[in-house]
Every structure is written in structure tokens, then in C-alpha cells.
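Observations on the model geometry
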Amino acid sequence: MTEARALRAGSLVALLAVLAGACGGPEIPEVGTDGMEPAVREAIRGARDALAADRGSAAAWGRFGMVLHAHRLGAPAGASYAEAARLDEDDHRWPHLHGRLLETAEPARALGLADEALRRNPRFAPALALRARVLEGMGDDDAAEAAWEALQDLAPESVEAPLALGRRRLQRGDLAGARTAFERVVERLPSSAAGWSFLAQVSRRLGDPEAAAQATARARAAARSPSLGSTADPDPLLIAVEDLRADSRGREARARRAAASGDHDSAEAIYRRLLGERPESADLHYNHGNSLARLGRTAEAEAAYRTALERDPDSSAAMANLANLLARSGRDREADDLYRRSIAADPSHLPTLLGASSLHFQRGDFRQAERYLRDALERDPGHPGALQGLGQLLATAGRLGEAAETLSRALDAAREAGAAPGQLAGIHFLLADVERQRGRTTQARTHLAQAEALGMNVPPAFRALLEPGR
Amino acid sequence: MPEIMGSGVALFDRDADGDLDLYLVQGEGADRFFENRGPGIRFVETARVPGTGAYGMGVAAGDADGDGDLDLFRTGFGPDALLLNTGESGLVAAEDPGWDDSWSASAAFCDYDADGHLDLFVTRYMDYDPDFSCFAATGEQDYCNPTDVPGLPDLLYRNTGGGKFVEVGRESGIAALPARSLGVVCHDFTGDGRPDFYVANDTEANHLWVNQGGGAFTEEALLLGAALSGFGRPEAGMGIDIGDLSGDGVLDILLTHFADETNTAYIAEPGIGFVDGSIDLGLGTLGLATTGFGVALSDFDLDGFPDAVIANGRVARPAGESPRAPFFEQYAESALILRGGPGRFDDAGAASPELSGWKAVGRGLAAGDLDGDGDPDLVITAAEGPARIFENVSNHDGNWLLVAAGLPGGAPDHGATVRLGTSAGMRVARANPGVSYLSSGDPGAHFGVPAGAAIESLTVRWSDGSEEAFPAPAPNRVVVVVRGAGTIHD
């Protein structure tokens, strides 16, 4: 739509709003959209048009509120939620989202809105969590605790509730009770820096320095995660709001969320559309390449990485991933050249060092592979992947004692970093094989059992090697 | 982005005439130095100190070269600089041993290795590239959110004597954990006689670098409960001060934060760690609407309890505000004035209408007795606006004592803790200028002594861990105590 047509359309919307206003009900909130990204203007205009066409619709008011909320236009979003809630007295969504908007700026109003959402839907856990948070922030500890207890009953998967209850018990000096609650937190969410940090503090107070040290290490690993920022349980309505962000960066974030959750089809589609708007972005081409690679569209992924490198020739990440792709398709020499270029650009880029090591390991050049891994470990001595790779390499080279020691370190590091069960199982399996070769059958069986307990399907032929009498 | 984060202020007695002079870091151009020409609050600009090409951020005062007078370390987005106090000829840039040229923020002088030379901790904010653009949710170009840009390891410079410094971040362990660091304070938080460093990190877990001796530090904030808020959330840490918030005779930590976050009080529990006491102290809702930076904990009304003043100013446009509106209007906020009482802080803005009514993009803040009347005054800097001096005109009938804790060479002992026994109870205060945000305040330990209360004892725990008792002084005076001397001087 051209600017002139957009202006005319805007005038028409305004006229309709005035006419509708004359028929009763509040005016549709005015939002100045000058300067906004066209896609954002279009999203707001679309939601507003839909509302103007059906001003008696709670859903249209609510949707308009959500679109405004998504773009951080809080005041008009709040007014829209309020009207949506007035028009539909049963829908819990609008008072809840209104409450989320006001949670910190106007806690007393937010509390009233949370209560209204719960009156409409007593089993809506996010509203109960909102109520508990607001009460806690206002210093009403007893009422907050009751709300957290209710949330724990209502949503047994909640991480936020045991975290809050643990904090409350810690305040009261109930250290054992606090520890139980924090253990529940980290069991449900192993990446919870807060859960591990509180667990470390409680363990220290209980006179258990070893547990405190382990929990501190886990907290530190979790604290490096970008997801550290929120301790709140996921709120599906707020996620739906975020999904309405129409700005380029908002859509990019949505693509990242999709990729992180394994939905590479959606991620690829969003990146492809974004590249239509920002073809100059090396990051977008790189991320698009990652999605394509995950989907097995190797040729397209290669092209995407190469375009990323045209835009940003020093991108170690793009060089490393392109090299990994080439190595997997047997183009070793090209891959090796790229790894070298990447290392020259950034000698501390660990994914490059690990990829280069893997390539040389596959080619049987153990010495060079080991050199890369030791470079990586010099930069990050506790890197679980580098330790695992080195252990595997040493085992293959027949240096079994060193391999066992290195893999044990890898296991500790992976545990500290909160590694996925699959990675832990893989290290146990490698250790089982090393111990078997060293003739330490008991230790080998123990590691094998742990690998299986972590979900690994151990090949029967390998298990047979460790059966009694062999 | 640097333009919305700075700049700082230092109050220090450059000319050793017994009053506090004023140094204002400028974002661009030469910094400005004003000499205190009291009586009363009267300053005259006597020097402009050329910049180093950096966009100026913070300043720390300390006797870097051990010659008995106070020098300055200036941080910035670009090369940092050590400005040596050369007496008559003013402040002169020292030889550059390779100071950091990224984005550094606050700095604190402190003799962490007890060798008699003041070492230097410098926080670094982020690995920022001015060509990197960030955008608001509406797609409009905006200042970056800190989480858009990675942090950097902080720097620790060991003073090898004579104003020569060597960066030892890697050997000490401090370089191991990059973060977006802003404020820093040096104090013996673990009570083991060795100074530690507490660092406020923006949107990340704070760091408490615990001094292990032998030049090694380990990070223990997550273990000791000073990394995250009491809710378990990392907050946008900006400025720091330490004072006895809970009234138990131990210095606690007050951290200023972004809007929607409390100004967080980490209450020290000796031998255990810290607990977030913000809500119990009444700080839960006060300050939630504003973004705090510089902070001073001091007994402004001389009633025996520390009060707090926090310079506020947004770093992001309010939601829905147009980016075309003037910078000032969108970001300016009023300072928060908190009156301390037994275990509680209350909003005291109404009692200081001039300060609470001044809207600015507040950043640096330093407290010190500028007019020599015994109560602390304030200097607050603002982004995109002039700094202002606020004279303390509190109606108080209390008495006061300012204790300058010095080393035998004449320099202040940064990191000393002073205890004053009074008939109204034990009071404790830091003798340490390196607090707040990008700023440096009066190095002396200031005490308010409630009307009718008598001073009964004076004890100093020096930064090397030793403790020394001095005769109880009379109130309403500045006293100088020197480590190992055993006597006090006016």
C-alpha cells in the first residue's frame, strides 16, 4: 500500500471509529504509527480495522489489545483489554492480560485483575501465579504463600511455585523444607540458575559444602544461559501476544524460538520471509542456513552460509558451520581450508576447533585432531564436548589410562553444565568401552548400566562383551 | 548507546586544603574541574582536563602513585586514563601502560594484596560496536537492550608501586567470567581480613569476587546469595553503596536497578551470606517505577540511621512514546529520597521538594560535606543536562562526626570500616569513596549522632584486616585516624 493510500485508509478508519463512537461504547484508542516499521503499522491497522467493523466484539477488542501489547503500546492495549473484558464477562483472557500489563507499574490494579481472571476461570494457573507474584511484591507474604501453595496443587509442573515456597521456607529458617522445594525446582527445570543458586545457599547453611559447591557450579553454568532472565512459568497468553509481534526483530525472535524447539520448518519459513526484507543481513543468512541444514536441504544451506560469508567474511560461526557441512559431504579439503580460515579469524572460536578436530579424527590424523582439542581446552578447560572428544580420541589411539581420566572429567563437566541425558549417556558408553579394554569389567558394567538408565539403547553385541564368563 | 549511560563525578580534596573539590567527567570534550572556594557552597572552575579520545564515563579517586595526594582514574568508551595529581600543575595524564580501550564503567581503588599500594578494579560494560543498530518492538531504531550485546571480563590492575600498574585479571581469576558490569565496591564482605570486590551486573547475575589471598579471587555471589534478587531473578544492576541497612552493625549492600525491579538490599548475615531484605525494608514498591543509577547511603538528617538518595533516569523510552520527542522529556525522572529508620525506609521526597522535583536523566551521584557544616551534600550528574549540587538543608538537631581513615603515608585507606559506639547504639560506616555509579564520593566515614547521644568508642577495621581502637572523640568535627598511630587528630 502506498503512503497516500495508507493515509486515506487511516482516515477512513478514523471516520468509522468516530461514527461508531456516536453509537455508544468507548472510542477505539488512537495510536500514532508514524515512524513504525511498515509491517507493524499494517498489523495495528489490520487489528483496528477488524475492530472498527465489529465494535461490539470482545474478541476484536481483545485482539487489538494483544497486537498493541505485542508492540509495547501499553496504555491503549490496557484500554482495549478493559473493553474486551466488559463485553465478555466470562472470558478470563482479557483481565489476565490486562493484569500482566500492570503487574509492576500498578500492582494493586493487577491484583484485582488477576482475581477477576480467576473468578472467570478458577483453574487458569497463570492468573494464580500473577496473583501470587503481586502479593509477594506487595509484601503480603502469607497471602502470597497461600496462592503459591494453591498454584502448586493446580499446576504440579510449575517451577515458579516451589521456587517461591522454597524462598519462603528459607526466610523462616526451615532449611530442610527449603532444600526439598529447591530440589523440586531443579528437577523440573535443570537450567534454573535461581534454583541451583538457592540450593547452594541452603546446602551451605546445612553444612554440606560439597553439595553447595556442586550446586554453585550448576548455577554458574545455568547463569550463562540467555534464558536466565525469567523465573516465571510460561504463560501461554503472553506467548500468544509475543507471536503477534510484526516487527522484523520480533519475527526473528519467533524464528529462533521455533528453531530452539525443533520446528525448523517454521523457522526456515520465517527466515526466508525476513530475508526478503533484509537481504543484507549476514546473521539472517547464517540462521537460515542452520535451519536448512537441519532440514537436510544441504545445497541450499551451503548457499545460505556462502551468502552469509559474502556479507560478513570474518564470521567464524558461518565458516565453521559451512565447513561442518562440507566435511559431512566428504569435501574434506574445502572444509579444512575453511576451518583454517576461521581459526585465523578467531583462534578462540570453540565450534571451529571442535569441527576441525573432528575432521582430522575422521581422517585418522590423530595428532592434528588432538592439537585442536587441546587448543580448545586451553581456552575453556571445562568444555564437556572438547573433553569428550579428547577422551574418544585418546581411546582410539590406545592411550586408555589417559582416555579414562579425560572422559571422567568430561562426565563431571557435562553434569556441571546440566548436559542432556543423551550426552551423559554417550560419555558413560565411551567410558564403558575404555574400561572394558582396560580389563576393568566391573567399572565397565557400571558405566553401561548408567548409559542405559539415561535412555541409551546399547547394542546387544557390546553388552554381550561384558557378560559374565566372557 | 554510551550517551545514555554516563557520566560520573568525583568529590576529592585535590589541593589538600581540607575541602572537597569537584571533577565532572564529560561525554565528549574536556572534563571539568572545579575548586571548592567556600565558605558555603562555592565552586570555581580552574581547569579543563583534556580527554583521551574516549567518550567519558566514570571516575575513581585514590592515591595511585603513593605520594600522599589523590589522583584520578577516568574510564570511558575508548581509552582509559590515569590522571596524576601533580600539585600546583593540576591533573596530568600518566604514562599509558596499555589501559583498556573498550567500554569501561566504574572503577574502585583498593589495596587487595595488602602491599601498601592502591590497586584498581575496573568494570567493563559491553563489547559494543557503534555501528550495530537496535530496534524497538515497533521497528523504530532505539538504544540497544543490554542483552543485545555481550559483556566483557572486568579488569584488575595491580599497583606495583609509584603509580605503575599491571593488569592481572587472568591470573587472579576475574577474567574468567565476562559480564555487563557497571558498579563496583571494594569491601571485606566475608570478614576474613581481605578486601573483596562486589560488582553490579546489568541483566546478569552479580559477581562477588572473594579474595583468597595470593592474588587469587573466586566468584561466590551465587553461593552467598548476592547474585540474584530474592525472587531468584537477575536484575539490571547499576550503582552500589554499602551501609548498615538492617541496624545489626554489619555493612549491607544496596543496589540500584532498572524500572520494574526493586532497589535491592542484600542484607549481610555474617558467616552465612546475604538475604534480599528489600521488601522487609520497605524498598519493595519504592523505586519500581524508576530506573536507578547513582546512589548514596548516608545519614543526611543526622538521626543515626542511614538514608538513601538514588539518581534516576530511564534508559529506554516509555512504552508507546514517540522516538521523535525530545530525549530529555522521555528519559527524565526524579531522584528517590529515602529516609532511613529502624529497619525501614520511607519515601521522603516531600521533605526535599527541590531535589525530588528536579527531573533529569540522573546518572552519577556523589555525597560529601561540601560546605563544611557537618551534613553530607550531593552532586548528581545527568545525561544530556547539567550536573547539579544539592545543599543539605535538612532540619536536624543531631550531631555528627566525619572520620578520615588514613594510611601512614597520608592517603585514605579505601575499604576501611569505622565503628562508632554511641549511647544510642553502635553505628558502622564505610571509609571508602568508591561507591555509587561511575562516581567517587567523600572518602571519610560519616556518622550522624542523634541529639542527646554521646560518642563512647571509635574502632577502625583497616583494609588489611587489622583492627584498631581510638579514643572516643567529641562530636561535630572531622577527625583523622592513621593506621597504627593509635591517636586521632582534628
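Let us look at the structure shown here. (Residues numbered from 1 in each chain as written. Chains lettered and ligands numbered in written order. Predicted model: local features only at pLDDT ≥ 70, side-chain atom pairs only at ≥ 80, totals over all residues. Heavy atoms only, no water.)

**Comments concerning the overall build of chain B**
Secondary structure summary: chain B contains four helices and 39 strands in total. Relative to its length of 490 residues, chain B is compact, with a C-alpha radius of gyration of 20 Å against a globular reference of 23 Å. Each principal axis of the C-alpha distribution contributes one length, and for chain B these read about 65 × 50 × 50 Å. Expressed as a percentage of its 490 residues, the buried residues of chain B come to 62%. Considering only contacts within chain B whose residues lie at least 6 apart along the sequence, 53% involve residues at least 24 apart. In chain B, which carries 27 positive and 76 negative side-chain charges, the distance between the mean positions of the two groups comes to 3 Å. (Helix = DSSP H or I, 4+ residues; strand = E, 2+ residues; numbered from the N terminus. Rg over C-alpha atoms; globule rule 2.2 N^0.38 Å. Buried < 20%, exposed > 50% of the residue type's maximum accessible area, 1.4 Å probe, protein only. Contact = heavy atoms within 4.5 Å. Lys, Arg positive; Asp, Glu negative; His and termini not counted. Charge placed at Lys NZ, Arg CZ, Asp CG, Glu CD.)

**Comments concerning the interface of chain B and chain A**
Counting residues at the interface gives 34 residues for chain B and 37 residues for chain A. Summing the contributions of chain B and of chain A, the shared interface buries around 2800 Å²; its carbon and sulfur component is 57%. Per-residue buried area on chain B facing chain A is highest for Ala137(B), Leu222(B) and Leu223(B); these three make up 22% of the total on that side. Connecting chain B to chain A are two salt bridges. Remark: the boundary between chain B and chain A carries eight residue pairs in polar contact (both at pLDDT 80 or more). Elements with a minimum of two residues in the side of chain B that touches chain A: α2 (221-224) and β22 (273-276) of chain B. In terms of residue class, the side of chain B that touches chain A is built from 17 nonpolar, 10 polar and seven charged. (Buried area = accessible area lost by both parts, 1.4 Å probe. Salt bridge = Lys/Arg side-chain N within 4 Å of Asp/Glu carboxyl O. Polar contact = N/O pair within 3.5 Å; in protein donor to acceptor, adjacent residues only side chain to side chain. Nonpolar A, V, L, I, M, F, W, Y, C, P; charged D, E, K, R; others polar.)

**Observations concerning helix α15 (residues 264-277) of chain A**
Residue and element names in this part refer to chain A. Over its 14 residues, α15 extends 20 Å from the first C-alpha to the last, a length consistent with the 20 Å expected when each residue adds 1.5 Å. When α15 is considered as a whole, its buried residues turn out to be His264, Ala267, Glu268, Ala269, Ile270, Tyr271, Leu274 and Leu275. Looking at the buried side of α15, the elements it contacts are α14 (248-260) and α16 (282-294). (Expected span 1.5 Å × (residues − 1).)

**Looking at the sheet that holds strand β14 (residues 164-167) of chain B**
Residues and elements named next belong to chain B. The strand order across the open sheet built from four strands is β9-β10-β13-β14, with neighbouring strands paired in antiparallel fashion. In this open sheet, the two strands that pair with only one neighbour each are β9 (104-110) and β14. Going from strand to strand, the sheet's axes swing by 25° on average, the running direction of each strand aside. (Pairing = 2+ DSSP bridges. Axes fitted to C-alpha atoms, helices over the stretch in contact; angles between N-to-C directions.)

**A few points about the pairing of strand β19 (residues 240-243) of chain B**
All names here are of chain B. The two faces of β19 match: Ile240 and Ile242 on one face and Asp241 and Gly243 on the other face are all buried. The pairing of β19 with strand β20 (residues 252-255) spans four bridges and is antiparallel. Paired with Gly243 across the strands is Asp252, a residue of β20.

**Notes on the sheet that holds strand β32 (residues 399-406) of chain B**
Hydrogen bonding along the main chain pairs the strands of a sheet, whether they run parallel or antiparallel. Residue and element names in this part refer to chain B. The strand order β35-β32-β38-β39 describes an open sheet built from four strands, whose pairing is mixed. Bordering the open sheet on either side are β35 (445-449) and β39 (488-489), each of which pairs with just one other strand. Strand direction decides the pairing type here: strand β38 (residues 477-482) and β39, joined by two bridges, are antiparallel. For Val480, the partnering residue across the bridge sits in β39 and is His489.

**Quick notes on the environment of Ser172(B)**
All names here are of chain B. The topology assignment puts Ser172 in helix α1 (residues 169-172). Take Ser172: its relative accessible area is 2%, and that puts it in the buried class. As for Ser172 and Thr218, which are separated by 46 residues in sequence, their C-alpha atoms are 8.4 Å apart. Apart from the residues lying within four places of it in its own chain, the contact partners of Ser172 are Leu156, Gly215, Ala216 and Phe217.

**Brief notes about helix α22 (residues 384-396) of chain A**
Residue and element names in this part refer to chain A. Here α22 spans 18 Å end to end across 13 residues, near enough to the 18 Å set by a 1.5 Å rise per residue. Those residues of α22 that are buried are in contact with α20 (350-362), α21 (366-379), α23 (400-416) and α24 (421-437). Among the residues trailing α22, Gly398 stands out with phi positive, at a value near 85°.

**What about the state of the cysteines?**
The term disulfide refers to a covalent linkage connecting the sulfur atoms of a pair of cysteines. Residues and elements named next belong to chain B. For the structure on display, the rule yields two disulfides over all chains. A sulfur-sulfur separation of 1.9 Å characterises the disulfide bridge that pairs Cys110 with Cys186. One end of the pair, Cys110, is in strand β9; the other, Cys186, is in strand β15 (residues 181-187), with 76 residues separating them in the sequence. What makes Cys110 buried here is its relative accessible area of 0%. By relative accessible area, Cys186 is classed as buried at 1%. Cys134 shares a disulfide with Cys144; S-S distance 2.0 Å. (Disulfide = S-S within 2.5 Å.)

**A few points about the side chain of Glu235(B)**
Residue and element names in this part refer to chain B. Structurally, the position occupied by Glu235 is in the loop between α2 and β19. Lacking a salt bridge, the buried Glu235 has Arg233 as its closest oppositely charged neighbour, with an N-O distance of 6.2 Å. At a separation of 3.3 Å, a polar atom in the side chain of Glu235 contacts the side chain of His257. Setting aside anything within four residues of it in sequence, one finds Glu235 in contact with Asn201, Asp202, Thr203, Glu204, Ser229, His257, Glu261, Thr262, Thr264 and Tyr266.

**Focus on the environment of Gly215(B)**
On the secondary structure map, Gly215(B) appears in the loop between β17 (207-213) and β18 (216-219). Distance from Gly215(B) to Ala472(B), taken between C-alpha atoms, is 36 Å for residues 257 residues apart in sequence.

**Points about the packing of aromatic side chains**
Counting across every chain of the model gives 24 aromatic pairs over all chains. Considering the side-chain rings of Tyr286(A) and Tyr305(A), the 6.1 Å spacing of their centres and the 45° angle between planes classify their relative orientation as tilted. Taken together, the positions of Tyr286(A) in helix α16 and Tyr305(A) in helix α17 (residues 298-311) put the pair 19 residues apart, joining distant regions of the chain. A ring pair is formed by Phe197(B) and Phe217(B), whose centres lie 5.7 Å apart and whose planes are at 40°; its orientation type is tilted. Here Phe197(B), found in strand β16 (residues 196-201), pairs with Phe217(B), found in strand β18; they are 20 residues apart in sequence, far enough to count as distant. Comparing Phe197(B) with Phe217(B), the two get one shared label, buried. (Phe/Tyr/Trp six-rings, centres within 6.5 Å; stacked < 30°, edge-to-face > 60°.)

**Topic: the nonpolar core**
Residues and elements named next belong to chain A. Membership of the largest hydrophobic core comes to 51 residues, with the highest contact counts inside it found for Ile44, Trp148 and Leu151. The element that contributes the greatest number of residues to this core is helix α7 (residues 125-137), accounting for eight residues. Look past the residues within four positions of Leu151 in its chain and what remains in contact with it is Ala125, Leu128, Ala129, Ser158, Ala161 and Asp233. In this structure, Tyr339, Leu390, Ala403 and Ile427 belong to the second largest nonpolar core, which totals 46 residues. (Core = buried A, V, L, I, M, F, W, Y, C linked by side-chain atoms within 4.5 Å.)

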